[in-house]
Amino acid sequence: SSMPVAVFMLNILAGAVVFGWLYERTRGSVLPAIVLHTSLNGWAGVLGIVPTAESGRTYVLVTGLLVLVALAFLATPDKATAERSRAASKRSSAC
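Note that this is a predicted model, so its numbers are computed, not measured.

Calculation criteria
Residues numbered from 1 in each chain as written. Predicted model: local features only at pLDDT ≥ 70, side-chain atom pairs only at ≥ 80, totals over all residues. Heavy atoms only, no water. Core = buried A, V, L, I, M, F, W, Y, C linked by side-chain atoms within 4.5 Å. Buried < 20%, exposed > 50% of the residue type's maximum accessible area, 1.4 Å probe, protein only. Helix = DSSP H or I, 4+ residues; strand = E, 2+ residues; numbered from the N terminus. Contact = heavy atoms within 4.5 Å. Expected span 1.5 Å × (residues − 1). Arc of directions from axis to C-beta. 1 Å grid on protein atoms, 1.4 Å probe; cavity = no way out; pocket = protein on both sides within 12 Å on 5 of 7 lines; lining within 4 Å. Points joined across faces, edges and corners; volume = space filled by probe spheres on them. Nonpolar A, V, L, I, M, F, W, Y, C, P; charged D, E, K, R; others polar. pLDDT = per-residue confidence, 0-100. Axes fitted to C-alpha atoms, helices over the stretch in contact; angles between N-to-C directions.

For the rest of this paragraph, the subject is the nonpolar core. Counting residues in each nonpolar core, the largest one holds five residues, listed as Ala14, Val18, Leu66, Val67 and Ala70. Element by element, the count of residues in this core is highest for helix H3 (residues 56-75), at three residues. When sequence neighbours within four positions are dropped, the list of residues in contact with leucine 66 reads Asn11, Ala14, Gly15 and Val18.

Turning to H3, a few remarks are in order. Helix length check: H3 (20 residues) gives 29 Å between terminal C-alpha atoms against 28 Å at 1.5 Å per residue, within 8%. Listed in full, the buried residues belonging to H3 are Gly56, Tyr59, Thr63, Leu66, Val67 and Ala70. Along the long axis of H3, the arc covered by the buried residues comes to 105°, so they all point the same way. Residues of H3 that are exposed and point over 90 degrees away from its buried face: Arg57, Leu61, Leu68 and Ala75.

In this section: the side chain of asparagine 11. Mapping asparagine 11 onto the fold places it in helix H1 (residues 5-25). Ignoring sequence-local partners within four residues, the contact set of asparagine 11 consists of Tyr59, Thr63 and Leu66.

Turning next to the layout of surface pockets. Looking at the largest pocket, its volume works out to about 610 Å³. Around the largest pocket sit 20 residues that line it, and Asn11, Leu40, Asn41, Val62 and Leu66 are the ones nearest its centre. The set of elements that each furnish at least two residues to the lining of the largest pocket consists of H1, helix H2 (31-47) and H3. With seven residues, the top contributor of residues to the lining of the largest pocket is H2. Grouping the constituent residues of the lining of the largest pocket by class yields 16 nonpolar, four polar and no charged.

Mean pLDDT over the protein works out to 84, with 86% of the residues at or above the 70 mark. In the model of the protein, helix H4 (residues 79-94) stands out as the element of lowest mean pLDDT, 74, in contrast to H1, which has the highest, 93.

Relative to each other, H1 and H2 sit at 145°, their axes nearing to 9 Å. Contacts between H1 and H2 involve Val18, Phe19 and Leu22 on the former and, on the latter, Pro32, Ala33, Leu36, His37 and Leu40. The class makeup of the residues in the contact of H1 with H2 is seven nonpolar, one polar and no charged.

At arginine 27, a position not held by glycine, the phi torsion is positive, near 55°. Of note, arginine 27 is situated in the loop between H1 and H2.

Structural data, given as structure tokens:
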């Protein structure tokens, strides 16, 4: 049996939110995202959550946790990012 495509896609979508949040919160630095991605890949092998037929249930659980983290990040406004967006909007409308 293989991993359901819907679970995989949900994992990718939630991961994109988490990495995007990290990128925005670090003012565009990719280094923290690289470190996070590397650590996730490394620990996935150590903890046995690489998506295989044997680890399917664990992968679904980890995906669920990742979705919860992504939703929490989306629900938490970032004042600094909002301020930068407003400033950029003012500059573009002044031109």
